[in-house]
Amino acid sequence: MPLLDGFTTRIVHSDRLDPIEHGSLQKPIHATVAYGYDDARDLAAVFQGRQGGFTYGRQVNPTVEALQTKITRMEDGVASVCFGTGMAAIGTMLFALLRKGDHFISSAYLFGNTNSLFMSFAAQGIDVSFVDATDVDAVRAAIRPETKLIFTETIANPVTQVAALDAIGELAAEKQLLYVVDNTMTSPYLFQPKSVGASLVVNSLTKYIGGHGNALGGAITETGLFDWAGFSNLYDIYKQGDPRKWGITQIKKKGLRDFGAALGPEAAHHIAVGAETLALRLERQCASAARLTAFLRAQPWVNAVYYPGLTSHPQHSRAMRLFRHPGALFSFELAHQVDLWRFLNGLRVVIKSSNLGDNRTLAIPVAHTIYHEMGAQRRASMGIDDSLIRISVGIEDADDLERDFEAAYAAASEQ
Ligand SMILES: *Cc1c(COP(=O)(O)O)cnc(C)c1O
């Protein structure tokens, strides 16, 4: 497809590469649960996988399928499966691929709900080791005979640690372990995990890919790099056809079909439209993040700023080498004389909210909200101070954002 090389060109023309009803330029919303067949033999052939087609909305829908194809193109993969949320994608994937007695290794710097989910897997007899994934030696040291999989995020939230993504990829290949990378914080515009040897890629579509904060969704993408023939947890019935798709077929059948966390067609449509501007939004968001972190670092009322784009960041050079830009999320600690709540309440443009990847800039005091349940000890081990504020930079004009931070400090320091 020589004329569709560019990232955004590929996204906005993706639907059109398959015939669309009535010459529609986008895949329409197919608000249907089931599909009728004139010839019952076709229905049987679709059920048996001998013929393409649709069976029931819990497994697939034309609008969702068009989004899956789009995400596969964005990640340069071989197939994707969508879910109702990012958490559903992660949970369903692990549920479909791991068994009691298995062990997996996860980065300790993890989205809070993913951390909670992994603890639930541990309670079900699937053991997990949390390690410092910025250091490949820590990952290597945690490998056991029963280890099946390594899981990491790209840029962790909220302190923005950057995992040793390429070194872990080499380790996973050497040990023939599944390598799962949660690409939510970077999105396929900033980074393709396939480039470092990932087997499966997770995206929460709720965040940068959808971008507008109006729909939840998640996806798992198969990169085609993993040798599923050596993976002992696959059912024989899914070892048919293209061997690169055996794993994602089991995720779809044993995970999505049996567990049922399907993405609805309306949400898929919102996400697909949002995805068209992913690159445009992130260019601006990353530029604003760079500017705001430089501004905040120079303020005497700020104790620390965490952003991989800063030369002071411990993984700065790794981030600059791996990612197109070092992200649109940062966090900072206020100096102790500045009251956290007065500062936050002084913000007028920036919204106090828990989401990230939205077009609007969002701020949250992490220790008191999304990382509250985790407890002080685990927070300390993750480097989360009580005064830490996470900022997800939106697409507003950077001047307005900078002035908002200045005004919030002025409001917080008034007698
Ligand atoms: C938000 C997020 C998730 C979960 O996605 P939801 O769509 O909210 O379920 C998973 N991983 C990361 C890194 C996230 O930021």
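Residues numbered from 1 in each chain as written. Predicted model: local features only at pLDDT ≥ 70, side-chain atom pairs only at ≥ 80, totals over all residues. Heavy atoms only, no water.

Right, let's get into the packing of aromatic side chains. For the structure shown, the criterion picks out 16 aromatic pairs. With centroids separated by 4.3 Å and ring planes inclined at 35 degrees, the aromatic side chains of F95 and F259 adopt a geometry described as tilted. Of this pair, F95 sits in helix 4 (residues 86-97) while F259 sits in helix 9 (residues 246-259); the two residues are 164 residues apart in sequence, bridging distant segments of the chain. The class of F95 is partly exposed, set by a relative accessible area of 39%. For the pair Y235 and Y238, a centre-to-centre distance of 6.2 Å together with 85 degrees between the ring planes defines the contact as edge-to-face. Overall, Y235 belongs to the partly exposed group, its relative accessible area being 37%. In textbook terms, an aromatic cluster arises when at least three aromatic residues are bridged by ring pairs, as seen for W301, F330, F332, F343, F405 and Y409. Between K207 and the ring centre of F111, over which it is positioned, the NZ or CZ distance is 4.8 Å. Above the face of the F130 ring, R378 is positioned so that its terminal group lies 4.8 Å from the ring centre. (Phe/Tyr/Trp six-rings, centres within 6.5 Å; stacked < 30°, edge-to-face > 60°. Helix = DSSP H or I, 4+ residues; strand = E, 2+ residues; numbered from the N terminus. Buried < 20%, exposed > 50% of the residue type's maximum accessible area, 1.4 Å probe, protein only. Lys NZ or Arg CZ within 6 Å of the ring centre and 35° of its normal.)

This next bit is on the site of the ligand. T85, G86, M87, I90, F111, E153, D182, T184, S204, T206, K207 and G217 make up every residue found near the ligand. One of the backbone nitrogen or oxygen atoms of M87 is found 2.8 Å away from an oxygen atom of the ligand. The separation between a nitrogen atom of the ligand and a polar side-chain atom of D182 is 2.7 Å. Considering the ligand on its own, with 380 Å² of exposed area, one finds that the protein chains cover 93% of that surface. A per-element tally of the shell around the ligand places helix 4 first, with 3 residues. Tallied by class, residues from the shell around the ligand come to 3 nonpolar, 6 polar and 3 charged. (Near = heavy atom within 4 Å. Polar contact = N/O pair within 3.5 Å; in protein donor to acceptor, adjacent residues only side chain to side chain. Areas by Shrake-Rupley, 256 points an atom, 1.4 Å probe, with all protein chains shown as cover. Nonpolar A, V, L, I, M, F, W, Y, C, P; charged D, E, K, R; others polar.)

Time to look at the pattern of salt bridges. Evaluation of the coordinates by the stated rule reveals 19 salt bridges. The closest approach of N and O atoms between R284 and D397, which form a salt bridge, is 3.1 Å. Highlighted residues: R284 in helix 11 (residues 278-297) and D397 in the loop between strand 12 (388-392) and helix 15 (398-413), separated in sequence by 113 residues. With relative accessibility at 37%, the residue R284 sits in the partly exposed group. D397 sits in the partly exposed class, given a relative accessible area of 43%. Note that D400 is salt-bridged to R403, the shortest N-O span being 2.8 Å. Placement of both D400 and R403 in helix 15 is noted, with a separation of 3 residues, approximately one turn of the helix. (Salt bridge = Lys/Arg side-chain N within 4 Å of Asp/Glu carboxyl O.)

What follows covers the sheet that holds strand 4 (residues 147-153). The strand order 1-7-6-5-4-2-3 describes an open sheet built from 7 strands, whose pairing is mixed. For this open sheet the edge positions go to strand 1 (79-83) and strand 3 (127-131), each flanked by a neighbour on one side alone. For this sheet, the mean inter-axis angle between neighbouring strands, taken without regard to orientation, is 20 degrees. Judged from the 5 bridges that link them, strand 6 (residues 200-204) and strand 7 (residues 218-222) form a sheet pairing that is antiparallel. By the bridge assignment, N203 is partnered in strand 7 with A219. Together, strand 4 and strand 5 (178-182) form the strand contacts of helix 7 (residues 165-175), whose direction differs from that of strand 5 by roughly 160 degrees. (Pairing = 2+ DSSP bridges. Axes fitted to C-alpha atoms, helices over the stretch in contact; angles between N-to-C directions. Contact = heavy atoms within 4.5 Å.)

With that settled, the discussion passes to the domain arrangement of the chain. Taken domain by domain, the chain comprises domain 1 (7-30 + 61-275) and domain 2 (279-413). A straight line from the C-alpha centre of domain 1 to that of domain 2 covers 26 Å. Listed by partner, the interface residues are 39 residues for domain 1 and 43 residues for domain 2. When residues of domain 1 are sorted by the area they lose upon contact with domain 2, Y189, L190 and Y208 head the list and together hold 24% of the total. Here D166 and R321 are joined by a salt bridge, their closest N and O atoms 2.4 Å apart. Remark: the boundary between domain 1 and domain 2 carries 20 residue pairs in polar contact (both at pLDDT 80 or more). (Domains from an automatic or database assignment. Buried area = accessible area lost by both parts, 1.4 Å probe.)

Let's shift gears to the packing of helix 4 against helix 5 (residues 112-123). Running from N to C, helix 4 and helix 5 point in directions that differ by 25 degrees, and their axes come no closer than 11 Å. Relative to helix 5, the element helix 4 is oriented roughly parallel. In terms of crossing hand, the pair formed by helix 4 and helix 5 is right-handed. Two secondary-structure elements touch here, helix 4 through M87, I90, G91, L94 and F95 and helix 5 through N113, T114, L117, F118 and F121. Here the residues of the contact of helix 4 with helix 5 are counted per class, giving 7 nonpolar, 3 polar and no charged. (Parallel < 35°, antiparallel > 145°, perpendicular 65-115°, else oblique. Left-handed = near helix turned anticlockwise from the far one by under 90°.)

Strand order in the open sheet made by the 5 strands is 8-9-12-11-10, with mixed pairing throughout. Each edge of the open sheet is held by one strand with a lone partner, namely strand 8 (302-306) and strand 10 (351-352). Of the strand pairs in this sheet, strand 11 (residues 362-365) and strand 12 are connected by 4 bridges, and their pairing is antiparallel. Its bridge partner being in strand 12, I364 is matched across the sheet by R390. Strands strand 8 and strand 9 (329-334) of the sheet are contacted by helix 11, whose axis makes an angle of about 15 degrees with strand 9.

This brings us to the pairing of strand 6. In terms of residue burial, strand 6 counts as a mostly covered element, since 5 of its 5 residues are buried. Direction of pairing for strand 5 relative to strand 6: parallel, over a ladder of 3 bridges. Bridging from a neighbouring strand, V180 pairs with L200 of strand 6.

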